[in-house]
Amino acid sequence: MPRKGAASKKGAMKSRDVEAKKPTRARKPAAVEEDDLPEEIEPVADEMEDVDESDEPPARKAAPRRKAGGDAKLVEMLNQSLGWELRAQAMYAHYAAYVKGIESLTLAEHFEGEVTESLGHAKKVRDIIAALDGEAVTARDDAEIVHTEDTRTMLEEALKTESAAAAAYRKIIPLVKDHPVFYHAIYHILKDETAAVIEVETLLGR
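Residues numbered from 1 in each chain as written. Predicted model: local features only at pLDDT ≥ 70, side-chain atom pairs only at ≥ 80, totals over all residues. Heavy atoms only, no water.

1. What about empty space enclosed by the protein?
Where empty space is left can be seen by rolling a probe of water-molecule size over the atoms.
Line of reasoning, step 1. One pass over the structure, following the stated rule, counts one cavity of 30 Å³ or more.
Line of reasoning, step 2. Reported here for the largest cavity is a volume of approximately 40 Å³.
Line of reasoning, step 3. In this structure, the largest cavity is lined by Trp-84, Glu-85, Ala-88, Glu-114, Glu-117, Ser-118, His-121, Thr-161, Glu-162, Ala-165 and Glu-193.
Line of reasoning, step 4. Put simply, the parts of the chain that give the lining of the largest cavity at least two residues each are helix H3 (68-98), helix H4 (104-131) and helix H5 (151-172).
Line of reasoning, step 5. Counting residues per element, the lining of the largest cavity draws most heavily on H4, at four residues.
Line of reasoning, step 6. Of the residues that constitute the lining of the largest cavity, the class distribution is three nonpolar, three polar and five charged. (1 Å grid on protein atoms, 1.4 Å probe; cavity = no way out; pocket = protein on both sides within 12 Å on 5 of 7 lines; lining within 4 Å. Points joined across faces, edges and corners; volume = space filled by probe spheres on them. Helix = DSSP H or I, 4+ residues; strand = E, 2+ residues; numbered from the N terminus. Nonpolar A, V, L, I, M, F, W, Y, C, P; charged D, E, K, R; others polar.)

Okay, structure coming up:
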């Protein structure tokens with residue numbers, strides 16, 4: 001007959017094996033109260049509501065609006081300058097095609113360069129007009145473009161055009177002195193026009 005002690009030991013071992021095979025139940029995490037969150041991860045929605053959008057860096061702030069009357073006057077004068085630029089493009093392209101003789105080796109390139117410069121000036125002027133909510137003109141100044149194949153006459157007409165353009169931009173400078181972006185653009189265009197006047201005078205031997 002088997003001993004009772006051995007039987008009881010076997011029963012105990014079997015009981016432990018059954019318990020070991022039972023799946024352990026996952027413990028539910030304890031509920032976390034909002035007050036228990038560390039300070040560094042607490043919700044910041046309320047703080048964001050208090051942020052003033054005007055605290056953006058100065059460079060991103062919109063430029064102060066000018067008075068409507070001042071804008072109208074400025075747009076009018078910018079359109080006058082734009083008309084001269086459109087006229088200069090047509091005139092210089094015309095003269096580049098008609099310059100003859102040995103002068104064509106240098107003057108044709110000079111006139112074509114002036115066309116490119118006028119295109120750049122016109123773009124800057126249009127951009128300013130658009131920024132002011134104005135309407136840019138699309139027609140050139142109605143001053144006559146003299147047709148000629150005489151190079152000296154071409155240069156004389158070029159001098160008149162550059163002088164008129166420089167004078168127009170010079171009148172705009174005081175109107176944009178309080179707007180750094182507009183002033184920078186107009187100032188550099190005026191420098192180009194003044195340099196063009198000096199260059200044409202040099203070509204004319206003055």
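2. Structural notes on H4
Each turn of an α-helix holds 3.6 residues, which means side chains three or four residues apart point in the same direction.
Line of reasoning, step 1. Taking 1.5 Å of rise per residue, the 28 residues of H4 would be expected to cover 40 Å, and the 40 Å separating its terminal C-alpha atoms lies within 8% of that figure.
Line of reasoning, step 2. Taken as a whole, H4 has its buried residues at Leu-107, Ala-108, His-110, Phe-111, Glu-114, Val-115, Ser-118, His-121, Ala-122, Val-125, Ile-128 and Ile-129.
Line of reasoning, step 3. Residue Asp-133 follows H4 closely and has a positive phi angle near 65 degrees. (Expected span 1.5 Å × (residues − 1). Buried < 20%, exposed > 50% of the residue type's maximum accessible area, 1.4 Å probe, protein only.)

3. What to know about the nonpolar core
Line of reasoning, step 1. Among the nonpolar cores identified, the biggest contains 21 residues, and Leu-78, Val-125, Ile-128, Leu-132, Tyr-169, Ile-172 and Ile-186 are the most heavily contacted of them.
Line of reasoning, step 2. Where this core is concerned, the elements lending two or more residues are H3, H4, H5 and helix H6 (180-203).
Line of reasoning, step 3. Not counting residues within four places of it along the chain, the set of residues in contact with Ile-186 comprises Leu-78, Ile-128, Tyr-169, Ile-172, Ile-173 and Val-176.
Line of reasoning, step 4. By size, the runner-up hydrophobic cluster in this structure holds 17 residues, among which are Leu-107, Val-115, Leu-155 and Ala-158. (Core = buried A, V, L, I, M, F, W, Y, C linked by side-chain atoms within 4.5 Å. Contact = heavy atoms within 4.5 Å.)

4. Quick word on the side chain of Glu-162
Line of reasoning, step 1. Of note, Glu-162 is situated in helix H5.
Line of reasoning, step 2. No salt bridge is formed by the buried Glu-162; its nearest oppositely charged neighbour, Arg-87, is found at 8.7 Å.
Line of reasoning, step 3. Dropping the residues within four chain positions of it, Glu-162 is found in contact with Tyr-92, Glu-114, Glu-193, Ala-196 and Val-197. (Lys, Arg positive; Asp, Glu negative; His and termini not counted. Salt bridge = Lys/Arg side-chain N within 4 Å of Asp/Glu carboxyl O.)

5. Overview of the packing of aromatic side chains
How two aromatic rings sit relative to each other is given by the distance of their centres and the angle of their planes.
Line of reasoning, step 1. Tallied over the full model, the rule gives three aromatic pairs.
Line of reasoning, step 2. Both rings, one in Tyr-95 and one in Phe-111, keep their centres 6.0 Å apart while their planes meet at 55 degrees; by these two values the pair is tilted. A residue pair is termed long-range when its members are at least 10 positions apart, and Tyr-95 in helix H3 and Phe-111 in helix H4 qualify at 16 residues.
Line of reasoning, step 3. Given the relative accessible area of 0%, Tyr-95 is considered buried.
Line of reasoning, step 4. According to the relative accessible area criterion, Phe-111 is buried, its value standing at 0%. (Phe/Tyr/Trp six-rings, centres within 6.5 Å; stacked < 30°, edge-to-face > 60°.)

6. A look at the environment of Lys-100
Line of reasoning, step 1. Relative to the elements of secondary structure, Lys-100 occurs in the loop between H3 and H4.
Line of reasoning, step 2. Residue classification places Lys-100 among the partly exposed positions, given a relative accessible area of 45%.
Line of reasoning, step 3. Counting along the chain gives 50 residues from Lys-100 to Asp-150, while the straight-line C-alpha distance between them is 8.1 Å.
Line of reasoning, step 4. Each residue touching Lys-100, except ones within four places of it in the same chain, is listed here: Glu-149 and Thr-151.

7. Re the pattern of salt bridges
Line of reasoning, step 1. Under the defined criterion, the tally for this structure stands at three salt bridges.
Line of reasoning, step 2. Here Lys-123 makes a salt bridge to Asp-127, at a shortest N to O gap of 3.0 Å. Highlighted residues: Lys-123 and Asp-127, both in helix H4, separated by four residues, approximately one helical turn.
Line of reasoning, step 3. For Asp-127, a relative accessible area of 43% puts it in the partly exposed group.
Line of reasoning, step 4. Of the charged contacts in the structure, one is a salt bridge between Lys-160 and Glu-157, with a shortest N-O distance of 3.3 Å. A residue pair is termed a helical-turn pair when its members lie 3 or 4 positions apart in one helix, as Lys-160 and Glu-157 do in helix H5 at three residues.

Don't take any of this as a statement about function, it's just geometry.
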